Amino acid sequence: MVTHQNILLVYPEVPSNTYWSYKHALGFIKKKSAMPPLGLLTIAALFPADRELKLVDLNVGPLDDNLLQWADAVFVSAMIVQKQSMEQVVARCNQMGKTVVIGGPYATNSWQELSGADHILRGEVDETLCDFLAELDSGTAAAVYDMPPHPDISRLPAPRFDLLDIDAYGSMSIQYSRGCPFHCEFCDIWTVYGNKPRLKDAQSLTAELDALYSMGWEGAVFLVDDNFIGNKRRVKKELLPALIQWQQDRDYPYHFYTEASINLADDPDLMTGMREAGFNSVFIGIETPDPQSLAETGKTQNLKSDMEAAVRTIQKNGLEVLAGFILGFDNDTPAIFDQQIRFIQQNAIPQAMIGLLNALPGTRLYQRLEAEGRILSQSAGNNTHSMQANFKTVMDPQVLRQGYRKILKHLYGFRLKNYFARCSHLLDRIECRQYYQRKVRAADLKIFFRALLRQPFTAYGFNYIKFLVRNAFKNRDLFAEAVTYSIYGHHYHTITRQTLKKEKIADVLDKKYNKFTKKVNRRSTAVQSGSEDQLRALKKLWDTRMRYLKQMQHKINKLNTDYQDELRRKYLELSAQMRDMLASLEIRTLSSPDSGGAHR
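Residues numbered from 1 in each chain as written. Predicted model: local features only at pLDDT ≥ 70, side-chain atom pairs only at ≥ 80, totals over all residues. Heavy atoms only, no water.

As for the nonpolar core
In step 1: Leu9, Phe75, Phe132, Phe228 and Phe279 are the most contacted members of the largest nonpolar core, which has 150 residues in total.
In step 2: Within the second largest apolar cluster, 21 residues are counted, among which are Val10, Val56, Val76 and Leu114. (Core = buried A, V, L, I, M, F, W, Y, C linked by side-chain atoms within 4.5 Å. Buried < 20%, exposed > 50% of the residue type's maximum accessible area, 1.4 Å probe, protein only.)

Next comes the structure, spelled out in C-alpha cells:
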C-alpha cells in the first residue's frame, strides 16, 4: 500500500556570495539560478509512476507552507555548502511533522552530522530507490542506508526536466559519466563515485537533449561529469559523433561546456570532436604551478604535462579554459602568490576560481590531516572567498590570508584591468572559431543593451568600453563572447570588491579588539599594584567596550547583507571575549584592598 503518495523534492539554497553563484551576472540575463538541481531531477525520474512529485529549488523561489502540508514525504539533496539552508528546511519539516529523507553529497560523507532526518540515503541510489520506497510505505525503512555498490547508469531514464521552471535558469545540465580515473588527495569524487568511469550510452544522452529541445530550451548545456574524458575512447568513438549529428540536424541549438583533465591537450582528435559537437569551454583543475605541491596532492596528470603549453593548445582549438587553483598546500611558500598570478595572467585564463585548500570529509587529505592532529573544524564547502583553511596550515595563516587577498585583488580588482586583458588575450588565441562563437538571438541583443545601460557607469566602466571597442575591431566575429565575458566580469568584480571590503572590516574589528585588550592589560597591572580610582577607570573601560562594539556594528551594517554573517559571528566572539576580560578585571578590582568592597 502506498502511504507516501505526494513527494516534495527540495533543493536548498546555494550561498550567493561566491564566484560559483554567478548571481551578479544572472541579473543581466533575467535568470534566477545558474543551473538546475540535476541530482534531484535524475532521482525524480526513478520514482514509480503512481507517485505525485513536485520540486522546489530555493535558488529560484521560496518553500511555501502549503507545499509542505501537501507532501507526505520531503526528499532533500544537498552539498556541504548548502548545509545552513538544508538545516532550515529540515527544521520546518520537523515542525510540521513531515517525513524527511536526506541524500546527496553532504549526506554521503557527513551523515553523522545530520539531525532531524528520518532517513538518510548515502551514495548513489539509482538502483535502490524503489526498494527504499517500499520499505518506507511498509514502515520498515532504516534510519541510515550505507552506500550501495556503484550502479549501472548506462540506461537511466531522462531526468524530469518537466518539474522545472526552465526559464529561471541560465544553463541546463546533463550527465554522461560518473567517476574519475585519478586520485587527487583533496577530492572526494573518486572516493564516492569510483576510479572507473561509468558511462551512459550515446542514445540515452541524446534522448535527454531531445527532452530539453522539446521544452524549447536554447543556449548553454553543462555536462556535469567530473571528468568528461575519463574514458577517451568511448567519448571519441560513440558520444561525440552522436552529438555532432544531433547538433547538425537541429542547426546547433546548444553550446556545451564541461570538466576535464589537462591531458585533453594530448589528443587533437578529441579536441576537434568536442569543438565540432558544440563545446566551447572546459573547466580544468590546474590547482598550482608548483610541482612539489602537485606531487603532494597526487595530481600526477598535471605533473606529466607542460601545463602552460597544454592550456594554449586547448585554447587554440576553440575551447576556453576555465580553471581551478588552490592555495595552502604544505609545500607552498610565500612565493606561490606571485606564481599563481603570473600563471593565470600569462596563460589568458579569465575565469580563475581560486581558493584556500580545505579538507573535506571522505577525502584522503582529511584522513591524513586528522591522523596528524591538524583538523580545526569542518569545512563550510565554499572553495572561493573563505579566508581560512579548516586545518593547521604549514604556512602562517595570516601570510596565507594576505597572499590570497593579493591574488583576488589582482585577478578581479584594479577596475577589471587585468581581467579584461586576460579576456582579450584569450580571444586573440582562439584559432578554430567556427563553433566557438555563439548565435546571436533577439534575447542576446536585449542583454547587450541592458549591459550598455549599466556597465559603462560602474567603477570599471572605462576599461569595459576599451575592452569592447578593442574586440569589436580585432575580434569582430567573437564580439558576442566579449560581451559575455564583460558580464561575467561584473559578477567577479562585485564578489571580489565585497569580499575585500569584508576583509578590511575584519581587520578593523581585530584592531579595535587588540586596542581594547591593551587598555585592559594596562588597567589589570594597575589593579595588582593597588592604584587609585579603580572603579572609575573600570566604568570607563565598560563604556569603551560599548563604544567599540557600536563602531564595529556600524562597519558591519555598511556591508552587503550577503557578506555579513561571518563578520557577525566574529563580532559576537569578540564581544564575549571583551566582556569576559572586563568581568575578570572587575572581580579583581572589587576584591582589592583599595576598593573597600564597593559595588559598581
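Looking at the confidence of the model for the protein chain
In step 1: Of all residues in the protein chain, 97% attain a pLDDT of 70 or more, and the chain-wide mean is 94.
In step 2: Within the model, the stretch residues 596-600 combines pLDDT values under 50 with eight contacts to residues more than four positions away or in other chains. (pLDDT = per-residue confidence, 0-100. Contact = heavy atoms within 4.5 Å.)

Description of the packing of aromatic side chains
Given two aromatic rings, their pairing is described by the distance between the two centres and the angle made by the two planes.
In step 1: Tallied over the entire structure, the rule returns 26 aromatic pairs.
In step 2: Where tyrosine 460 meets tyrosine 464, the ring centres are 6.5 Å apart and the plane angle is 75°; that geometry is what we call edge-to-face. The burial state of tyrosine 460 is the same as that of tyrosine 464; both residues are buried.
In step 3: One aromatic cluster is present, formed by Tyr19, Tyr22, Tyr412, Tyr419, Phe420, Tyr460, Tyr464, Phe467, Tyr488 and Tyr492 through successive ring pairs.
In step 4: Above the plane of the ring of tryptophan 70 lies lysine 54, whose end atom (NZ or CZ) is 4.5 Å from the centre.
In step 5: The ring of tyrosine 213 carries arginine 250 above its face, with NZ or CZ at 5.7 Å from the centroid. (Phe/Tyr/Trp six-rings, centres within 6.5 Å; stacked < 30°, edge-to-face > 60°. Lys NZ or Arg CZ within 6 Å of the ring centre and 35° of its normal.)

Let's talk about unusual backbone geometry
In step 1: One non-glycine residue, lysine 30, lies in the positive phi region at around 60°.
In step 2: Relative to the assigned elements, lysine 30 resides in the loop between helix 1 (23-29) and helix 2 (38-44).
In step 3: Look at phenylalanine 414: it is not a glycine, yet its phi comes out positive at around 50°.
In step 4: For phenylalanine 414, the location among the structural elements is in the loop between helix 16 (397-412) and helix 17 (417-429).
In step 5: A relative accessible area of 47% means that phenylalanine 414 is categorised as partly exposed. (Helix = DSSP H or I, 4+ residues; strand = E, 2+ residues; numbered from the N terminus.)

Considerations on the pairing of strand 12 (residues 279-287)
In step 1: Where burial is concerned, most of strand 12 is hidden: nine out of the nine residues are buried.
In step 2: Both strand 11 (residues 254-259) and strand 12 contribute to a ladder of four bridges, which runs parallel. Residue pairing across strands places phenylalanine 256 opposite phenylalanine 279, the latter belonging to strand 12.
In step 3: Between strand 11 and its parallel partner strand 12, the chain crosses via helix 10 (residues 268-277), and the hand of that crossover is right-handed.
In step 4: Pairing of strand 12 with strand 13 (residues 320-327) involves six bridges; the strand directions are parallel. Note that in strand 13 the partner of serine 281 across the bridge is glutamate 320. (Pairing = 2+ DSSP bridges. Right-handed = clockwise from strand over helix to strand, strands pointing away.)

Observations regarding the packing of helix 21 (residues 534-557) against helix 22 (residues 564-591)
In step 1: It is at 11 Å that the axes of helix 21 and helix 22 come closest, and there the two elements cross at 180°. With respect to their mutual orientation, helix 21 and helix 22 come out roughly antiparallel.
In step 2: Residues that form the contact of helix 21 with helix 22 fall into these classes: 16 nonpolar, six polar and four charged. (Axes fitted to C-alpha atoms, helices over the stretch in contact; angles between N-to-C directions. Parallel < 35°, antiparallel > 145°, perpendicular 65-115°, else oblique. Nonpolar A, V, L, I, M, F, W, Y, C, P; charged D, E, K, R; others polar.)

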